[in-house]
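Letter by letter, the chains look like this.
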Amino acid sequence: MQHCAFAKKADTGLLALGKKKKGKLGPIMEKKVLPVVEDANKLVNYVCGSNILKEGEDIKIKPDSEYPEWLWSIRTGQPPPLSEMDPNTLEYWRRVRKIGHRRINRLLKLRKF
């Protein structure tokens, strides 16, 4: 009779009924509930969540005049179109390369095999 060391007999009987089953990726973790600030006055006057220490308080928001001027000219929306960019810059050519990669990936996705 041949004996395989890696093979295991299935557990049967009363002993197998009391075992806990794990998921495929291990034990299931419980979600942590984070506190949400609902105080309107605090939301308007403080940067909520900026204090990472156990002691202290969040950073107070200052008036606009105390911040540098360049802060208000930062582009936060969509990047400029390619036609508005200067071809002599590195950002232009990175954008051209990115658009080319997207085009190639879109075309490759349409191929059957």
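Residues numbered from 1 in each chain as written. Predicted model: local features only at pLDDT ≥ 70, side-chain atom pairs only at ≥ 80, totals over all residues. Heavy atoms only, no water.

With an unreviewed UniProt entry as reference, the protein is termed Large ribosomal subunit protein mL54, source organism Gryllus longicercus. Under Subcellular location (unreviewed entry), UniProt gives the following word-for-word description of the protein: "Mitochondrion". For the record of the protein, the UniProt heading Sequence similarities (unreviewed entry) holds the text "Belongs to the mitochondrion-specific ribosomal protein mL54 family." (UniProt positions renumbered as here; feature names shortened; annotations may be inferred.)

Topic: the overall build of the protein
Summing up its helical and strand segments, the protein has 2 helices and 2 strands in all. Each helix and strand of the protein, ordered N terminal to C terminal, gives the series α-β-β-α. Split into buried and exposed, the 113 residues of the protein put 4% on the buried side. Sequence-distant contacts, at least 24 apart, represent 0% of the contacts inside the protein between residues at least 6 apart. (Helix = DSSP H or I, 4+ residues; strand = E, 2+ residues; numbered from the N terminus. Buried < 20%, exposed > 50% of the residue type's maximum accessible area, 1.4 Å probe, protein only. Contact = heavy atoms within 4.5 Å.)

Details of the pattern of salt bridges
Inspection of every chain in the model, using the stated rule, returns 1 salt bridge. As a salt-bridge pair, Asp58 and Lys42 come within 4.0 Å of each other at their nearest N and O atoms. Remark: Lys42 occurs in helix H1 (residues 40–45) and Asp58 occurs in the loop between strand S1 (46–47) and strand S2 (59–60); sequence separation between them is 16 residues. (Salt bridge = Lys/Arg side-chain N within 4 Å of Asp/Glu carboxyl O.)

Points about the packing of aromatic side chains
We describe a pair of aromatic rings using the distance from one ring centre to the other and the angle between the two ring planes. In total, this model carries 2 aromatic pairs according to the counting rule given. Arranged with centres 6.2 Å apart and planes meeting at 90°, the rings of Tyr67 and Trp72 form a pair that is edge-to-face. When its relative accessible area of 48% is taken as the criterion, Trp72 is described as partly exposed. Note on Tyr92 and Trp93: the rings are 4.9 Å apart at their centroids and 90° apart in plane angle, and the pair reads as edge-to-face. (Phe/Tyr/Trp six-rings, centres within 6.5 Å; stacked < 30°, edge-to-face > 60°.)

Side note on a positive patch on the surface
Taken together, the side chains of Lys98, Arg102, Arg103, Arg106 and Lys109 present a region of like positive charge at the surface. Relative to the assigned elements, Lys109 resides in helix H2 (residues 90–110). The exposure class of Lys109 is exposed, given its relative accessible area of 69%. (Patch = residues over 30% accessible without salt bridge, like charges linked within 9 Å, V, L, I, M, F, W, Y side chains within 5 Å. Areas by Shrake-Rupley, 256 points an atom, 1.4 Å probe, with all protein chains shown as cover. Lys, Arg positive; Asp, Glu negative; His and termini not counted. Charge placed at Lys NZ, Arg CZ, Asp CG, Glu CD.)

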